[in-house]
Amino acid sequence: MNLTELARQVKLPTKQLKELLPLMGYDIGQKAIKVNNKIAQEVIQKLNNKKQRDKYLALLTQDQAVEENVSIEDKKESEEKIIHLPDHIVVKDFARELDINPTKLVVELMKQGVMASVTDKIDYETAAIIAEDFGFKVEKLSAKKDEDVLDEEVNIEVKNKKYRPPVVVVMGHVDHGKTTLLDAIRNTDVAIREKGGITQHIGAYQVSVDLKTESGINKITFIDTPGHEAFSMMRSRGARVADIAVLVVAADDGVKPQTIEALSHIRRSELPFLVAINKIDKEEANIEKIKKELSELNVIPEEWGGDVIMVPLSAKTSQNIDKFLESLLLLYEVEKDSIVADPDGEVVGTIIESHVDKGAGPVATVLVQNGTLKAGTDIIAGDAIGRVRVMKNWKGEVVKEAPPSYPVVILGFKNVPQVGSILYTAKDKEDLKKKQREMRKRVSVVGFKNKILSQKRNLDNCLNILIKADVLGSLEALEEMIIDLDSDIPEVKINIINTGLGLITDSDILMAAGSDAIVLGFNTEILTEAQELAISKKVDVKTFHIIYDLLDYLKQKCKEKIQPKMVRTETGKAIIAKIFRRENGFIIAGIRVKEGRIENKTNVDIYRGDKKIDSAFIDELQSGKQDVGEVVEGQEGGVKLVDADIEEIQEGDIMVCFKEETEEVEI
Ligand code: GDP
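The paragraphs below set out a description of the structure included in this document. In this text the structure is predicted, and so the values were computed from the model without any measurement.

The next thing to look at is the pairing of strand E13 (residues 348-357). The sheet contact formed by E13 and strand E20 (residues 422-426) spans three bridges and is antiparallel. Bridge pairing in E20 places Thr350 opposite Ile422. Sheet topology note: the E13/strand E14 (residues 361-370) ladder contains nine bridges and is antiparallel. Across the sheet, the residue bridging to Val348 is Asn370, located in E14. What sits between E13 and E14 in their antiparallel hairpin is a turn of three residues.

In the vicinity of the ligand lie 15 residues, with Asp175, Lys178, Thr179, Thr180 and Asp281 positioned nearest. The contact in question runs from an oxygen atom of the ligand to an N or O atom on the side chain of Asn278, over 3.0 Å. Interatomic distance of 2.7 Å between a side-chain N/O atom of Asp281 and a nitrogen atom of the ligand. Isolated, the ligand exposes 570 Å² of accessible area, and the fraction of that covered by the protein chains is 74%. Ranked by residues supplied to the shell around the ligand, first place goes to helix H10 (residues 178-186) with three residues. Residue classes in the shell around the ligand are distributed as two nonpolar, seven polar and six charged.

The subject of this paragraph is the packing of helix H17 (residues 472-488) against helix H20 (residues 547-561). The interhelical angle for the contact between H17 and H20, taken along N-to-C directions, is 35°, at an axis separation of 11 Å. Viewed along their axes, H17 and H20 form a crossing whose handedness is right-handed. The residues of H20 that touch H17, namely those facing Leu478, Met481, Ile482 and Leu485, are Ile547, Tyr548, Leu550, Leu551, Leu554 and Lys555. Each residue belonging to the contact of H17 with H20 can be placed in one class, and the counts come to nine nonpolar, no polar and one charged.

Applying the stated criterion across every chain yields a total of 31 salt bridges. Where Lys256 meets Asp253, a salt bridge forms, and the shortest distance between an N and an O atom there is 3.4 Å. Taking the relative accessible area as the measure of exposure, Lys256 reaches 27% and is therefore partly exposed. By relative accessible area, which is 30% here, Asp253 ends up partly exposed. The shortest N-O distance in the salt bridge between Lys659 and Glu599 comes to 3.6 Å. Taken together, the positions of Lys659 in strand E32 (residues 654-663) and Glu599 in strand E26 (residues 586-599) put the pair 60 residues apart, joining distant regions of the chain. On the basis of relative accessibility, which here comes to 34%, the residue Lys659 falls in the partly exposed class. Residue Glu599 is classed as buried on the basis of its relative accessible area of 17%.

By size, the foremost hydrophobic cluster in this structure holds 52 residues, and its most contacted members are Leu181, Phe222, Val246, Phe324, Leu328, Leu373 and Leu423. Examining the composition of this core, we find that seven residues originate from one element, helix H15 (residues 321-335), more than from any other. Mapped onto the domain boundaries, this core takes at least three residues apiece from domain 2 (165-338) and domain 3 (348-441). If near-sequence neighbours (up to four positions away) are discounted, Phe222 is found in contact with Val168, Val170, Leu182, Ile185, Gly203, Ala204, Tyr205, Val207, Leu325 and Leu328.

Take the environment of Arg186 next. One can find Arg186 in helix H10. Within the structure, the side chain of Arg186 is placed 3.2 Å from the side chain of Asp183, a separation counted as a polar contact.

Rules and cut-offs
Residues numbered from 1 in each chain as written. Predicted model: local features only at pLDDT ≥ 70, side-chain atom pairs only at ≥ 80, totals over all residues. Heavy atoms only, no water. Pairing = 2+ DSSP bridges. Helix = DSSP H or I, 4+ residues; strand = E, 2+ residues; numbered from the N terminus. Near = heavy atom within 4 Å. Polar contact = N/O pair within 3.5 Å; in protein donor to acceptor, adjacent residues only side chain to side chain. Areas by Shrake-Rupley, 256 points an atom, 1.4 Å probe, with all protein chains shown as cover. Nonpolar A, V, L, I, M, F, W, Y, C, P; charged D, E, K, R; others polar. Axes fitted to C-alpha atoms, helices over the stretch in contact; angles between N-to-C directions. Left-handed = near helix turned anticlockwise from the far one by under 90°. Contact = heavy atoms within 4.5 Å. Salt bridge = Lys/Arg side-chain N within 4 Å of Asp/Glu carboxyl O. Buried < 20%, exposed > 50% of the residue type's maximum accessible area, 1.4 Å probe, protein only. Core = buried A, V, L, I, M, F, W, Y, C linked by side-chain atoms within 4.5 Å. Domains from an automatic or database assignment.

Here's what the structure looks like:
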């Protein structure tokens, strides 16, 4: 049972319960999130008994009384460390708030049995426990504030519920055949096959299945971005894009790390799913072994008494693809009551892909979730606006309408919308402007929040950056690499204040200016007016086509933030044998070189015994009445010392000659 759930049942704050358990004899460890059910039942029983409850709570107060004796200083410090946590937080943002390395946080989470990558979201309960372990006082951000940071939860009010085709996402370990499977499914469409298999890659497509269903639905929409990108999209902005997941496992390979990662995503999103056991055409294929491995993860096939449909198939030879599609539709039939939309209701969609086409301008793929998107309508998605000029489906056919679950490519955005942003339509120009103002406000709130964040960290050597990239895949790769780079450079903290897809726009520049950030573009360009704004706001903007060039630039920027190190090398030592003259501002002395060389025009330190008493500069150096550049070990010479306290230096003092050079910062 979750500790928070147990706390709720015994009507105590989680923190207090955590302190109480060891006093009750249950040492579950400081970092536990769960307690086993047996212990939970015992605790409930004990704390439900008034007498016992009072006894334990008294123990707690005693314990706290002891704690209160800790010094006021300590207390003050712990009181100052307050963290505000929303309902959900992305691991890397959380790491930033805690001021620890994201990888370290991932490890901490793993210790708690939570498998999450740096870009995953974790829930408030998990985050709160970890934050407390790091000594923070946790305060929950209210839902209102949460919304301010651009986490748009989309609540579509469905008045007139109608069944709609399910949206399916394919996940699994790399090379297990996700892409091949998506291709094989697409090719089941006769019309496409007849066209010679030429389809546009638009990030999603729909196929029909030859099966009569109770709901009357016989179509399935597939999101055609396998793997990582699909995860990110499902997480985006609280919108749930997919209704059903397919977990692909190769029959000749088995359960692998990304299979487990995919499974944990599926479970966390509470997505219904089925398993495609792929590559059964291969000789090494062992279907039973896969089922066994999955069962160990509590994914039990129907034929073994579990509830997970597993379809052995070959994406390569298309064997069993028809059965797989039928199984998907059957799973849909079980879930159909929650897969609904109102085709006549308000239009809500999600941008699932976007890029800039050299000829056509901003191009976005939208999956309509509610309502029917029509050509000619004014649209807004995040800070992008436009009007649906042309809509095409996955076959490249121009369509006038896109009903729920129907993916379309839209031309007509003025700027590129971010992947994951929610698309709305506007009734008229006035409505569009109003919605645009609302969106802008949200963006500026994000900028402000980040500014506070970087000030709070109060590091002079912070490099704030804003990244724009062409597609989600490259953006995420970049983010990961930048996080790695950041942990390689202890002297500078790289803060990613915002990321986005598409062209670099005015709002990017404004945000960068507000947070003193540089803007890095990858495979994208800056809009002309944004360029002018960047010049007037003195925002540094650079675009790249090669990731390593971008990283090199970033390294260079970090280097500039690091104070160069002065390296001192001693070149020689001499004894001041005789002082000939002390005059206004200089001393003429005879020296004998004991070690190395004494060079003209260099700095020297003067020592008496071990103690440095003065420093000086050799303005002239002679040997045998001749001006020389250096005098070496064993030789005698004469020096004119300046910049010294001329009364201080005495015969017998040691002069140490040194050079100081700035050392290149190595990153
Ligand atoms: P992804 O990384 O999961 O998208 O995997 P791909 O679809 O790119 O497939 C990886 C490799 O496995 C490719 O060489 C495919 O041709 C091969 N492959 C995929 N499905 C099958 C299959 O059913 N049978 C066989 N023999 N090879 C397959």
